[in-house]
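Observations on chain architecture
The primary structure of each chain is shown beneath.
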Amino acid sequence: MSDSENLEQALNEHDLSTEAALADVNEDDDEDEDAEPITAQKVLDILETAWTNEMCAPELLQHQTDMLELMLSQVAHMEEQMKDLDKNDFRFVVHQMELERIRYIMASYLRCRLQKIEAFTQHIINQDETRDAADKRLSSEEAKYAQDFAQHVDEYFTKVATRYMPNQQRGEAEQRIVAPNLMSHVFLKANVAVSGVIVGVDDEEVDLTPGSQHIIPYQLVADLVQKNQAQLI
Amino acid sequence: MSRSNQMFGDNAFDLLKDLKRSAQTIPAFDDDGVRQVLEEIKAIFEENVAQASSYNNSGDRSLWPLLNYRHAALQRNKRCLLAYLYERMQRIKAMRWEFGPIIPSDIKQALCDPEVQFFNNYSKSLASYMRSVGDGQGIDLTGNLRPPKSLYIEVRCVENYGKFELDDGEVVHLKKNSQHYLPRAQVEPLVRQGILQHIA
Amino acid sequence: MSAMNYFPNYYSIEDIFVTQEKVECKVNTRLQRMGFLDAGAETDDLEPGRTINLPLWYIKELKVNNAYFTVAVPDIYKNVHKAVCEAETTHIELGRLHPYFYEFGRYLTPYDRNHVIGRIIFETLRQRVRHLLDISKNDTDSKPDHRLDNIESKLHDAGVRTNTLYINWLQMSGNHLRISELVEEHQKKRKRAERSDDEGAGDPDTPSSKKRSTM
């Protein structure tokens, strides 16, 4: 993508020492197993994929807190460096454009997640409770947001209506949980060769070739998306 | 409750009909309507409790269909009422994104107290979430709404706004009908609020 | 995005509208003190043999083979059967037949002894969806309201919206910053209110006391 190349190029030209900045952040990170530095471009690529996947998937996907934090500090870092540039300099314009594009992607991505969190609050909270810490879909900030939101809605409902209602029956609370339609169709592109993907109710199997595109119910390929073997488009 | 021509649950359904019909931002909270539904729920419940106990004592099943019907009606009432609140909540949420953290006073009049509280709570937790993102670096999600294509945009001032300070300290006077060439990201909120108009 | 998907939940207003629809039922047995459900009842009880209309929200809570009522499947589905067989469904004014033709039909399938409703609604949509796509592309404002059922009308809206987005993208004009829809509506409303306030009061240019929310 040419825009992303611009960033890479711009970063190199002005010696903004991307990798050094990112390495700094990585040092604080205890879980950082192999110390191989990740480039700004790689971070952006991961976020862009996460963004399109999130926009296309009916359910909430795994959070990307680490990548997001890296990108945000990178943005802050670039802004700092750019203060010294002349505003009418063409390079300033290119940088500024790229920053705004990155900001837009991050904002759009997080907005999309908030929409899902608000729509399926209880469903998501319940599911995350059963997951290991490493597999939780909600970031810690989102988890707090979800809890607060659920509480505010409950408070509103209680004050206006439910406290005046008799007998909440067993199963009623479950009945009210809003969940996404996992069988809704999505557009999928295979990143790698995947064999034996079940594509129908009658266990029909299909082999995906790298780069091939498909329309398919989300649930049948959710694990491929999770493992990054395929992405939604 | 007139039983001859009105079905159980019709009041509750009317709440939703009125809400669906109104394309306005949000119609006034229907205090009376909600109270009537709650009363109907209570009445059905009490009748059912009374008859269920007599059924338990005598074992007479002849009233079973009626109990059953009333139970369905009670659940129906609840569902309609809660759907009414749920839909209003969606619209109240939308106001936070479109108007910002303060609701225009004439719209506020359409909300009941718990709804105003909900709006304030929602607004607060959204703000604190936005501040906390990225290890406290923060990001404004109510801005950056469209993919940027240009850094600067041409805008016309729709009303007298007064001084507006840009990030770099430059101050512009936003007078009605004046035109400016300004950084897109910084004036987006003003366009959203209808103070500036983005012209081609 | 996924929000466009029709997937009713507990709070779904559309599903509540569908289940508000009435179904014709025959009473099979005397039902004590349920005469209020029958406008023509002469006693407190509901008498066997009577035909009454009951809302779907009640019917669907009962077992399909319950001893109290027999559900009569409405004729609208039988009536389109012929058109379905002849693949001539595109001209049917479905919205006039029933505003929730498909969803209502889905709820009624268990009561249909001939097991044809499911096939009828499936075939009807299959035949009409192509046409729906065509008319979504043609026109942006003239919507053939009475011809479409609720779901079709939604599909039509989505089609028109997508088409507009596509055209805007081709013309690179879709990127304008817009006033927020709610704010715009609110301003219009306020202007209308001001206009009626100003009648007789004179000066229309008076800067009204505007309370403005800022970020």
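Residues numbered from 1 in each chain as written. Chains lettered and ligands numbered in written order. Predicted model: local features only at pLDDT ≥ 70, side-chain atom pairs only at ≥ 80, totals over all residues.

Our working definition: UniProt positions are given in the numbering used here, feature names are shortened, and annotations may be inferred rather than shown by experiment.
As annotated in an unreviewed UniProt entry, chain C carries the name DNA replication complex GINS protein PSF3 and is attributed to Drosophila virilis. According to its UniProt record, chain C has this under Sequence similarities (unreviewed entry): "Belongs to the GINS3/PSF3 family."

Going by the annotation in an unreviewed UniProt entry, the name recorded for chain B is DNA replication complex GINS protein PSF1, with Drosophila virilis given as the source organism. Its UniProt record gives chain B the following Sequence similarities (unreviewed entry) comment, quoted word for word: "Belongs to the GINS1/PSF1 family." Word for word, the UniProt comment on chain B under Subunit (unreviewed entry) is "Component of the GINS complex."

1. Some points on the interface of chain B and chain C
In plain terms, the rule: We call two residues in contact when their backbone-placed C-beta atoms lie within 7 Å. Segments assigned H or I by DSSP are reported as helices when at least four residues long, segments assigned E as strands when at least two residues long, and all are numbered from the N terminus. Residues are grouped as follows: nonpolar covers Ala, Val, Leu, Ile, Met, Phe, Trp, Tyr, Cys and Pro; charged covers Asp, Glu, Lys and Arg; every other residue, Gly included, is treated as polar.
Each partner contributes residues to the interface: chain B has 40 residues there, and chain C has 32 residues. When residues of the side of chain B that touches chain C are traced back to their parent elements, those giving at least two are α1 (10-21), α3 (64-99), α4 (105-108) and α6 (184-192) of chain B. If you tally residues by element for the side of chain B that touches chain C, the top one is α3 of chain B, at 15 residues. Broken down by class, the residue content of the side of chain B that touches chain C amounts to 21 nonpolar, 9 polar and 10 charged.

2. With respect to helix α7 (residues 150-170) of chain C
Residues and elements named next belong to chain C. As a reminder, the rule being used: In a helix, the anticipated span is given by 1.5 Å times the number of residues less one. In this scheme every C-beta is placed from the backbone, and a residue whose C-beta has 20 or more other C-beta atoms within 10 Å is buried, one with 12 or fewer is exposed, and one in between is partly exposed.
For α7, with 21 residues, the first-to-last C-alpha span of 30 Å sits near the 30 Å given by 1.5 Å per residue. Residues of α7 that are buried include every one of Asn150, Glu152, Leu155 and His156, and no others. For α7, the elements touching its buried residues are α1 (13-19), α4 (94-97) and α6 (117-138). In the stretch just after α7, Met172 is the one whose phi turns positive, near 55 degrees.

3. Quick word on the interface of chain C and chain A
Contacts between the two partners involve 7 residues from chain C and, on the opposite side, 8 residues from chain A. Of the residues contributing to the side of chain C that touches chain A, the split by class is 4 nonpolar, 3 polar and no charged.

4. Focus: the confidence of the model for chain B
To keep things clear, this is the line we draw: The quantity called pLDDT is the predictor's confidence in a given residue, expressed from 0 to 100.
Across chain B, the average pLDDT comes to 89, with 96% of residues at 70 or higher. Taken as a whole, residues 1-5 of chain B scores under 50 in pLDDT and shows 5 contacts with residues more than four places along the chain or in a different chain.

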